[in-house]
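# Close look at the chain arrangement
One letter stands for each residue in the lines below.
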Amino acid sequence: MKFCSNCGNKIGQKDKFCGKCGASLTDSSQGPAEEEEKPVGVIRENDELSAEETSETGSDPAAGSSTGETGTAGDPPVRKEASEERSNVHNQKYKPKKKGFIAIIAATVLLLTVGGVSYGVIFNKSPKQVYLSAELNSLQDMKESFEELFGDDMELSRMMSEKAYRSEMTITGGVDGHNIPEIAQLNHYLSDSAIQVSMSQDPESAKGMASLALLLNGTNVFEAEAFQSDDQTGISVPFLYDEYFFINNNDFGSFMTGIDPWYYGPDRIENYTEYMTSSTEYEDELKKHGLEYVTYITSFLEDEHFTLESGQEYKGESFRKVTLSLSERDVKNLLEGLIAKLEQDNDLQNLLLDMAESSGSFDESYFSREDMLQEMRYGFSEMREGLEYINMPGGFTSELLVDRGENIISRNVHFQVADPYYPADTMNFSYETSVWQNSGIEEVTRELTVAPPDIDMGQFTAYWNSETGKDQIVTNVGGKLIDYGDVAFDVRLSLDTTLSGDTKETDFDLRMSGYEVGSDIPKINGTVIQTTDQNLSRNYSNRDFELVLNVGVDDYWAGYQEVNLNLAVESKTEFTSSLGFPDLSGDTAVNVFEMSEYELMMIMEEIGYNLENIMYQAGWY
């Protein structure tokens, strides 16, 4: 398409003059040029200008052509200025915009390339990658759910292992036996009494103190206090003896030997406070070792162990099914490799011993550390050798249904274990789970089944199902054993939890049946109410716990009888450095290791007398 360089009018390929302004189209200096098609609005603007100019001159467009010169040569100055203005406007408005067009194409190509790569990464994963990604997502979901339920507890526990605090707890309760005389007498004591427990700990100095007090009608009738540091352990019972008794932790073995020459036990009292504060120190190390073993498992699994199928229908929707299949030999090779790795993992073995030692469950006074390591390695070796006697004729299969985000919708795990001496004697294991969103409710089912090939011989089933909404969680947990057609036991627990702000209220109901349980089976139900007021940035955590427990029994002679128990626990925790630990070096503290046998005997006599007096005053003696 051509346009007049003078007025911008459309012209034909063979035209020699412009039909609008009469300009010659043969002069090279003013010849027409190929331009982009002019917008309609601009064309109309130029058309109006051309009409005005024609009326002012009173001549037609071809009038100037008789002289053989261009149409603008004889134009008046006004027309020449208008023509030049139109030419400038045209040149500005009709300049081709190729750079913007190229940029659009480049951006489109880039988006298509990135999208194609992303699609390939997401949807062209290998079956192994899909399976492992789905399992990782499942673990992440479990972690988030756990933190949502117990996040406050975890934060409080971690802070208590790092900062000094004092915690006080008051326990009250009562019981209603509905005219049962024995229960009425018990309620008389419970309703008028309270138990107070307090604990103070300072992780930095490794000092801790705990106290217990019994109150009757608001009066303190009994109190005991225990203190411990890395060097000393002491106890005080003011109602029995005025002074604090203590012993240096390293003298404990010698003290016990003096009392009993045949004593065989720990030589030192371990610091409980250190255990409480060090229990979180091993978390990072355990995670590191755990990652090593997960890496070992994932590297053991080959692509050939996985298959992927699409178009699997579940509840009216289509999903992908990814399957992990291991032969019996694969399973044994994996387990053998893991156990062999445990045998050679000196760092993990020493970490486990450190944890056992800090918890007080391992004492080098009984066995040396090297003896314990040898025992541990021997146990791993026995486990590895025992794999020879484990037969899994069908191997191991795990099927996952996953959505586009590689979230697990359902899981089916199956394997079979056979007696090596009687191959026909097998047990089938099946574990099935599902997660489904239904109108804002998350439905989760879990079921474990263990049964022989002939289910008439017996079958054990355990389940844990839940429905979680915005403010409510309904959970059903149970287990059932069928033995040759008869129900050996059937235990069912239902929980209905309502969430309202910082308060969580749970109604529970426990039902049991089966010949193993018996005929006089109690009916148990009740309510648990928990309220939390926690602000760790302001160094406090207050919690209230209330339990209402109802236990009913159908008695052959007395008919149905029910007992109602009420329990209330109020706890207040404050993070502070003002804990008031006792000073065991003064005149009010007695080192029992330095006392003679006669002095100990006289103290025990005084304690016995005071104890009888307390029991008499309370009406218990």
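Read on for an overview of the structure.

### Here's the deal with the nonpolar core
The biggest cluster of nonpolar side chains holds 14 residues, and the ones touching the most others in it are Phe245, Val592, Ile603 and Ile607. At the level of secondary structure, the elements contributing two or more residues to this core comprise strand E9 (244-248) and helix H12 (597-617). For this core, the element with the most residues is H12, which contributes three residues. When neighbours within four sequence positions are excluded, Val592 is seen to be in contact with Phe245, Phe246, Ile247 and Phe255. Ranked by size, the runner-up nonpolar core spans 13 residues in total, among them Val130, Tyr131, Met392 and Val402.

### Concerning helix H11 (residues 369-386)
With 18 residues, H11 should cover 26 Å at 1.5 Å per step; its first-to-last C-alpha distance of 26 Å lies within 8% of that length. Listed in full, the buried residues belonging to H11 are Leu373, Met376, Phe380 and Ser381. Burial along H11 is one-sided: seen end-on, the buried residues are contained in an arc of 140 degrees. In H11, the exposed positions angled more than 90 degrees off the buried face are occupied by Glu375 and Glu385. The elements touched by buried residues of H11 are helix H9 (328-344) and helix H10 (346-358).

### Thoughts on the environment of Phe545
Note that Phe545 resides in strand E21 (residues 540-555). A relative accessible area of 30% means that Phe545 is categorised as partly exposed. Between the C-alpha atom of Phe545 and that of Lys504, which follows or precedes it by 41 residues, the distance is 9.8 Å. The residues touching Phe545, leaving out its near neighbours within four places in the chain, are Val528, Ile529, Gln530, Leu567, Ala568 and Val569.

### Quick look at the packing of aromatic side chains
Throughout the structure, instances matching the rule amount to 11 aromatic pairs. An angle of 65 degrees between the planes, with centres 6.5 Å apart, marks the rings of Tyr314 and Phe319 as edge-to-face. Since its relative accessible area comes to 7%, Phe319 is described here as buried. Here Tyr314 and Trp436 contribute two aromatic rings whose centre-to-centre distance is 5.6 Å and whose plane-to-plane angle is 75 degrees, an arrangement assigned as edge-to-face. In this pair, Tyr314 sits in strand E10 (residues 306-314) while Trp436 sits in strand E14 (residues 426-438), placing the two residues 122 residues apart along the sequence. Comparing Tyr314 with Trp436 shows no difference in burial state: the two are buried. Taken together, the aromatic side chains of Tyr314, Phe319 and Trp436 make up a single cluster linked through ring pairs. Geometry around Tyr293 places Lys341 over its ring, the cationic atom sitting 5.1 Å from the centre. Over the aromatic face of Trp464 sits the side chain of Arg446, whose NZ or CZ is 4.6 Å from the ring centroid.

### Points about the side chain of Ser229
Mapped onto the secondary structure, Ser229 falls in the loop between strand E7 (219-228) and strand E8 (232-236). Discounting chain neighbours no more than four positions away, the residues touching Ser229 are Ala206, Lys207, Asn249 and Asn271.

### A word on the environment of Ala194
Considering the arrangement of structural elements, one finds Ala194 in strand E5 (residues 193-202). Not counting the four nearest positions on each side in its chain, Ala194 is found in contact with Ile171, Thr172, Ala213, Leu214 and Leu215.

### A few points about the pattern of salt bridges
All chains considered together, the criterion is met by 15 salt bridges. Its salt-bridge partner being Arg158, residue Glu283 comes within 2.7 Å of it at the nearest N-O pair. In this pair, Glu283 sits in helix H8 (residues 283-300) while Arg158 sits in helix H4 (residues 127-160), placing the two residues 125 residues apart along the sequence. Residue classification places Glu283 among the partly exposed positions, given a relative accessible area of 27%. Each of Asp230, Arg268 and Glu270 takes part in one network of salt bridges that share partners.

How each quantity is defined
- Residues numbered from 1 in each chain as written.
- Predicted model: local features only at pLDDT ≥ 70, side-chain atom pairs only at ≥ 80, totals over all residues.
- Heavy atoms only, no water.
- Core = buried A, V, L, I, M, F, W, Y, C linked by side-chain atoms within 4.5 Å.
- Buried < 20%, exposed > 50% of the residue type's maximum accessible area, 1.4 Å probe, protein only.
- Helix = DSSP H or I, 4+ residues; strand = E, 2+ residues; numbered from the N terminus.
- Contact = heavy atoms within 4.5 Å.
- Expected span 1.5 Å × (residues − 1).
- Arc of directions from axis to C-beta.
- Phe/Tyr/Trp six-rings, centres within 6.5 Å; stacked < 30°, edge-to-face > 60°.
- Lys NZ or Arg CZ within 6 Å of the ring centre and 35° of its normal.
- Salt bridge = Lys/Arg side-chain N within 4 Å of Asp/Glu carboxyl O.

Scope: geometric values only; no functional claims are made or implied.
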